[in-house]
Amino acid sequence: MSEQTHAESSTDTDVVLEDTSNHDQIAIETSGEVGEVLLELDHVTLRFGGVVALNDVNFQIRRGEILGLIGPNGAGKTTAFNAMTGVYTPTEGAIRFKGKEIAGIKPHTINHLGIARTFQNIRLFPEMSAMENVMVGCDARHKTSVVGVLFRTYRVRPSEEELPESGIRRSLAKVFGISRHTLEERAGRRRSMELLRFVGIADRAHELARNLPYGYQRRLEIARALATEPELICLDEPAAGFNPAEKEDLMGLIRRIRDLGHTVLVIEHDMKLVLGVTDRIVVLEFGQKIAEGSPEEVARNPKVIAAYLGEPDDAA
Ligand SMILES: Nc1ncnc2c1ncn2[C@@H]1O[C@H](COP(=O)(O)OP(=O)(O)OP(=O)(O)O)[C@@H](O)[C@H]1O
C-alpha cells in the first residue's frame, strides 16, 4: 500500500496517545550494560538468485540505543530485518544476538531469545480484540505447558496480592494454591491492558482489531510486539500513513519504549522522524552500507545526500 493510501485511511483516526506515569508492570529487566553490543551483522551477504539484497553488510546495535536503518527503496532494509528475525538465512556472514549466532534460527525461537518486530504491512489477528492480540504476545512468555493449562496441574502458593479478595475462593486458594496458568493469565491481562494504555489505545481494548482505525492498528502492533518483552524491538516503517501530528506522537512513543528498557531499531522513510528520534543511523544503498553515524553526521554525508537526491519522494 502506498504512503498516500495510508495517509488517506488515517485521516479519521482520532488517536489520543496517553502517557501513564507508572510503567512498573511493563518495564523489562535487562541483563546487560547500556552501550554494549546487543546485535551484530558481521559481513552479511544475502542473495535472491541473481539479486544481491545485502552485500557484505556490517553494523552493530548497542543496548539502549534507538538505531535508524534508512536507505532508498530496494536498499535492503527489510531484507536486513528479515535476516535478523529469522525469516531469511544469510548466504554468507554471521548475525549474533548477545554474542550468540542466530542466522538460520526459526523466527519464533528468535522471538523467544528477545527480538520482536512489527511489519510494514500490519499483521494482526483481525477477528480478535485489541486486548486479545496483545495477550497472544504475553502468552509467548508463559511457562505453563499445554498439559498444565488443560489440567491446571502446576499449582503455586499465591502472594497476598494474588489471592482473591474474600470468601471461600480465598480460603481454598490459601490451602490448595492457584494454578500457575491462572496466575499467568491474570498477569497477562493486566500487562496487556497496561501496554494498550502505554501506546494510547486502551479506550478500544475490547474492539475487534479489524474494526480499529489505521493509527490504532499500527499502535496495536507495537503493543503486541512489546508484550513478548523483547530486548530488541524492530519497527518497520511505523510512521507510514501518519499525519504530522501522529508522527510527532510516534516519536514520543519510540523514546518511551526505549525508556522501558528496550533497544529500538527503526526502518523509516520519513527523514524528519528518523533524524529527530534516533541516536545513530545506518544507511544502506543497493544492499551496501554507505554511511553510519549520528543523525547530524549522516544528514551532511555527501553519499547519503546523493542517494536521496535520486529518490526525492523519500527524502521529503
Ligand atoms: N523475497 C525476495 N525475492 C527476490 N528478491 C527480493 C526478495 N525480497 C527482496 N528482494 C529484492 O532485494 C532488494 C532489497 O529489497 P528490500 O525489500 O530489502 O529493500 P528495502 O530497502 O526494504 O526497500 P523498501 O524501502 O522499498 O521497502 C530489492 O532489489 C528487492 O527487489
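Refer to the structure presented above.
Residues numbered from 1 in each chain as written. Predicted model: local features only at pLDDT ≥ 70, side-chain atom pairs only at ≥ 80, totals over all residues.

1. Some thoughts on the site of the ligand
Thought 1: In the vicinity of the ligand, the contacting residues are Phe48, Val51, Ala53, Gly71, Asn73, Gly74, Ala75, Gly76, Lys77, Thr78 and Thr79.
Thought 2: Going through the elements one at a time, strand E2 (51-62) and helix H2 (77-84) are the ones with two or more residues in the shell around the ligand.
Thought 3: Tallying contributions element by element places H2 first for the shell around the ligand, with three residues.
Thought 4: For the shell around the ligand, the residue count by class is four nonpolar, six polar and one charged. (Near = placed C-beta within 6 Å. Helix = DSSP H or I, 4+ residues; strand = E, 2+ residues; numbered from the N terminus. Nonpolar A, V, L, I, M, F, W, Y, C, P; charged D, E, K, R; others polar.)

2. What to know about the sheet that holds strand E4 (residues 92-97)
Thought 1: An order of E2-E1-E4-E5 is seen for the four strands of this open sheet, with the pairing classed as antiparallel. Sheet topology places E2 and strand E5 (100-101) at the edges, where each strand pairs with a single neighbour. (Pairing = 2+ DSSP bridges.)

3. Focus: the packing of helix H4 (residues 130-139) against helix H8 (residues 214-227)
Thought 1: In the contact formed by H4 and H8, the axes pass within 7 Å of each other and the chain directions differ by 25°. Here H8 runs roughly parallel to H4, going by the angle between their axes. Where H4 crosses over H8, the two elements pack in a sense that is right-handed. Contacts between H4 and H8 involve Ala130, Asn133, Val134, Val136, Gly137 and Cys138 from the first element and Leu220, Ala223, Arg224, Ala225 and Ala227 from the second.
Thought 2: Along the lines of polarity and charge, the residues of the contact of H4 with H8 split into eight nonpolar, two polar and one charged. (Axes fitted to C-alpha atoms, helices over the stretch in contact; angles between N-to-C directions. Parallel < 35°, antiparallel > 145°, perpendicular 65-115°, else oblique. Left-handed = near helix turned anticlockwise from the far one by under 90°. Contact = placed C-beta atoms within 7 Å.)

4. Overview of unusual backbone geometry
Thought 1: The residue glutamate 229 is not glycine, and still its phi comes out positive at about 55°.
Thought 2: Considering the arrangement of structural elements, one finds glutamate 229 in the loop between H8 and strand E9 (232-236).
Thought 3: For phenylalanine 286, which is not glycine, the phi torsion reads 50° and is therefore positive.
Thought 4: In this structure, phenylalanine 286 sits in the loop between strand E11 (280-285) and strand E12 (288-293).

5. Thoughts on the sheet that holds E12
Thought 1: Strands sit in the order E6-E9-E10-E3-E11-E12 across an open sheet of six strands; the sheet is mixed. Of all the strands in the sheet, the pair left with one neighbour each is strand E6 (115-117) and E12. Across this sheet, the average inter-strand angle for adjacent strands is 20°, counted without regard to direction.
Thought 2: The sheet contact formed by E11 and E12 spans five bridges and is antiparallel. Residue leucine 284 lies in a different strand from E12, and its bridge partner there is lysine 289.
Thought 3: Contacting strand E3 (66-70), E9 and strand E10 (263-267), helix H9 (residues 244-259) runs over the sheet at an angle of about 150° to E10.
Thought 4: In this fold helix H12 (residues 302-309) packs onto E11 and E12, with an angle of close to 125° to the strand it touches most, E12.

6. Structural notes on the pairing of strand E1 (residues 37-48)
Thought 1: Sheet analysis places E1 next to E2, joined by eight bridges and oriented antiparallel. Counted as the bridge partner of phenylalanine 48 is valine 51 from E2.
Thought 2: Here E1 pairs with E4 via five bridges, running antiparallel. By the bridge assignment for E4, threonine 45 is matched with glutamate 92.

7. Considerations on H12
Thought 1: Among the residues of H12, Val304, Ala307 and Tyr308 are the ones counted as buried. Along the long axis of H12, the arc covered by the buried residues comes to 90°, so they all point the same way. Facing away from the buried surface of H12 by more than 90 degrees, the exposed residues are Pro302, Ala306 and Leu309.
Thought 2: Against E11, E12 and helix H11 (295-299) lie the buried residues of H12. (Buried ≥ 20, exposed ≤ 12 C-beta atoms within 10 Å, placed from the backbone. Arc of directions from axis to C-beta.)

8. Some thoughts on H8
Thought 1: Over its 14 residues, H8 runs 20 Å from end to end, which matches the ideal 20 Å to within 8%, given 1.5 Å per residue.
Thought 2: Burial within H8 is extensive, with 14 of its 14 residues counted as buried.
Thought 3: At the exit of H8 stands glutamate 229, carrying a positive phi of roughly 55°. (Expected span 1.5 Å × (residues − 1).)

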